[in-house]
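# Examining the three-dimensional arrangement
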Amino acid sequence: MRAILLAAGYGKRLGSITKKKPKCLLPVNGIPLLDIWIKNLIKVKIEKILVNTHYHSAQVKKLISESKYKKKVKITYEKKLLGTGGTFIKNIKFLKGKDCLLIHSDNYIEENLANFINFYKKKKTKISLIGFYTKDHKDSGILKIDKKNILQKIFEKKKIKYGNLANGAVYIISSKCQKDIVRFHSKKKDFTKEILPN
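One structure accompanies this document, and this report is about it. (Residues numbered from 1 in each chain as written. Predicted model: local features only at pLDDT ≥ 70, side-chain atom pairs only at ≥ 80, totals over all residues. Heavy atoms only, no water.)

## Observations regarding the pattern of salt bridges
Spelled out, the test is: Any carboxyl oxygen of Asp or Glu that lies within 4 Å of a side-chain nitrogen of Lys or Arg is treated as forming a salt bridge with it. Helix numbers and strand numbers start at the N terminus; a helix is a DSSP run of H or I with at least 4 residues, a strand a run of E with at least 2. Summary of the burial criterion: residues with accessible area below 20% of their type's maximum are buried, those above 50% are exposed, and those between are partly exposed, where the area comes from a 1.4 Å probe applied to protein chains only.
A full pass over the atoms with the stated rule returns six salt bridges. Measuring nitrogen to oxygen at the nearest pair gives 3.1 Å for the salt bridge that ties E47 to R2. Taken together, the residues span a long stretch of sequence, with E47 in the loop between α1 (33–43) and β4 (48–53) and R2 in strand β1 (residues 2–6) at a distance of 45 residues. A relative accessible area of 30% means that E47 is categorised as partly exposed. Across the salt bridge formed by K176 and D180, the nearest N and O atoms sit 3.8 Å from each other. Taken together, the residues K176 and D180, both in helix α5 (residues 175–184) and four residues apart, mark about one turn of the helix. K176 gets classed as exposed once you look at its relative accessible area, which sits at 52%. Exposure remark for D180: the relative accessible area of 22% places this residue in the partly exposed category. Beyond isolated ion pairs, a larger network of salt bridges with shared partners links R2, E47 and K98.

Have a look at this one:
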């Protein structure tokens, strides 16, 4: 299995906090988010990790160049932001036909990734994702699932409350599904809004 860590965004909703530092490098207990993700991915034996950069890319590159895991990480710079779906599609060859973790690296989760990977393998789904319960539905994509935990719909940051199960923006995408995404959605830019609903 391989992984793509999405780390290129501006983090505008955090205002001045991300003015001089990208959101993916903000610390949790003193450790940058991106560093936490890389360590967790190595821990579950992800063989190769791709990190896309754009905003304050030099800072991201520096963190990775100083990491003891740097040989496992490939950096790709986006002169113009491609969007979450665009980045995934552009780097499909990096995956080499293997299942892929696609992660918004500016998010923080405490879920054990090994549990998530085991869940995915047991269910044999095209795509699996992590959800979490939130008190603030307006700041998250809300998931509507059926009794078997199959995703039916996503309500993306709506004022109306459709529930409290939110999208954690951590996905596993099967190799078969990757082929379908490239075939049918090659022009799409947003993974959650434009690709996942299909």
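## A few points about the packing of aromatic side chains
Keep this limit in mind: The pairing test for Phe, Tyr and Trp rings, Trp by its six-membered ring, is centres within 6.5 Å, and the orientation test on the planes gives stacked under 30 degrees, edge-to-face over 60, and tilted for anything in between. Placement of a positive charge over a ring is assigned whenever Lys NZ or Arg CZ falls within 6 Å of the ring centre and within 35 degrees of the normal to the ring plane.
Evaluated as defined, the whole model comprises four aromatic pairs. Following the ring pairs from residue to residue traces out a cluster consisting of F88, Y171 and F191. When the ring centre of F94 is taken as origin, the NZ or CZ atom of R2, which lies over that ring, is 5.2 Å away.

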